[in-house]
Amino acid sequence: MKQRSRPRRNRMNSSMRALIQETSLSVNDLIAPLFVMEGENEKVEITSMPGQFRYSLDLLLKKIKELDNLGVNCVSLFPALDDKLKDSCATESMNPDGLFQRTIKEVKSLCPNMLVMTDVALDPYSSDGHDGLVNPKTGEILNDETLEILAGMAVNQANAGADIIGPSDMMDGRIGYIRDALDGENHKNVSIMSYTAKYCSAFYGPFRDALESAPKSGDKKTYQMNPGNIDEALRELKLDEAEGADIVMVKPGLPYLDVIKVMSQNTTLPIATYNVSGEYAMIKAAAEKGWLDCESTMFEVLSSFKRAGASMILTYFTEEAARALNS
Ligand code: PBG
């Protein structure tokens, strides 16, 4: 038998494999989502996310300093607020001295080079647990009425020192509306990373446990995308490009690698993906049972995002991966 092509020649030893490798993962690609709460010297583990905590601000700062020393460039922050601060209009999100704003200021003064990314949506502040305003009579999520609150929230975060604003709410027209509001307040250098293709996903469950932010009634299907759709992601992409997004995101990551791929073929903007809470939880749970090896599964999953076309990954594995990459 004459066998001229032998693909296995390129896999012969580790040096050859390294030479041939098409994509690689570095600490530069990783963004750490972190949860902050009121209190002092306190941290509460999130039951469904082993190794992830809600931190009081002092302990959050310590964690961020550690991440900084590991070479991590960016954190994405989420506030866990007391129920009594929540109302139907998300009023607390506009409070310049609120927990979230104080957190951003302190992080930036401790680690000026650490990029602070925020989440823009009503849910952590909303007594309804929805990302937009709810019409109390019909239950409809009001689009245009929500934009003003989102823009106010974004400006408040930028005033506190946020570098990258991350609208995760999926209201129509929010990117342009927020861009105009930021520019109007002289925040022209503050970036927007749009949650462009955010699917209505069961994988957000553990995150909603962490923030106690699950919708009080109904679901998020009138604003988050139907998991069956991919052309629709390209329509969202075109809108976000036209409205001035700097980075576009696909969320969740693992079940939507095809969406990352098709977006990367249709834009020159950088693509982010969010390896969400449920994706983390399922690997951790299987690893705890001894059914999967955590580290190699983690690296295989994180590399798949790079291979699909993402240039940055929001992942709860950031610290674990950074430690392994540095050692
Ligand atoms: C809220 C928001 C959610 C996540 C990030 N921002 C939850 C939701 O839309 O209900 C989920 C992240 C995760 O699961 O890790 N706007």
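Residues numbered from 1 in each chain as written. Predicted model: local features only at pLDDT ≥ 70, side-chain atom pairs only at ≥ 80, totals over all residues. Heavy atoms only, no water.

Residues Arg6, Arg8, Arg9 and Arg11 make up a contiguous surface patch of positive charge. Mapped onto the fold, Arg6 is located in the segment before helix H1 (14–20). The exposure class assigned to Arg6 is partly exposed, which follows from its relative accessible area of 44%. (Patch = residues over 30% accessible without salt bridge, like charges linked within 9 Å, V, L, I, M, F, W, Y side chains within 5 Å. Areas by Shrake-Rupley, 256 points an atom, 1.4 Å probe, with all protein chains shown as cover. Salt bridge = Lys/Arg side-chain N within 4 Å of Asp/Glu carboxyl O. Lys, Arg positive; Asp, Glu negative; His and termini not counted. Charge placed at Lys NZ, Arg CZ, Asp CG, Glu CD. Helix = DSSP H or I, 4+ residues; strand = E, 2+ residues; numbered from the N terminus. Buried < 20%, exposed > 50% of the residue type's maximum accessible area, 1.4 Å probe, protein only.)

Every buried residue of helix H8 (residues 257–264) is listed here: Val259, Ile260, Val262 and Met263. Against the buried residues of H8 lie strand E9 (191–198), helix H7 (231–243), strand E10 (247–251), strand E11 (271–275) and helix H10 (294–308). (Contact = heavy atoms within 4.5 Å.)

Further remarks concern the pattern of salt bridges. Side chains that differ in sign of charge can pair as their charged atoms come close. For the structure on display, the rule yields 17 salt bridges. With a shortest N-O distance of 2.8 Å, Lys108 and Asp163 are connected by a salt bridge. Highlighted residues: Lys108 in helix H3 (residues 99–110) and Asp163 in the loop between helix H4 (143–160) and strand E8 (164–165), separated in sequence by 55 residues. The class for Asp163 is partly exposed, based on a relative accessible area of 21%. One salt-bridge network, held together by shared partners, links Lys63, Glu66, Glu319 and Arg323.

Glancing now at the pairing of E10. In terms of burial, E10 is a largely internal element, five of the five residues being buried. By the alternation rule, side chains of E10 split into Ile247, Met249 and Lys251 and Val248 and Val250, which are all buried. Looking at chain direction, E9 and E10 are connected through four bridges and run parallel. Looking at E10, one finds that Ser194 is bridged to Val248. Bridge count between E10 and E11: three bridges; the pairing is parallel. Considered in E11, the bridge of Met249 is made with Ala272. For the handedness criterion, the β-α-β arrangement of E10, H8 and E11 is classed as right-handed. (Pairing = 2+ DSSP bridges. Right-handed = clockwise from strand over helix to strand, strands pointing away.)

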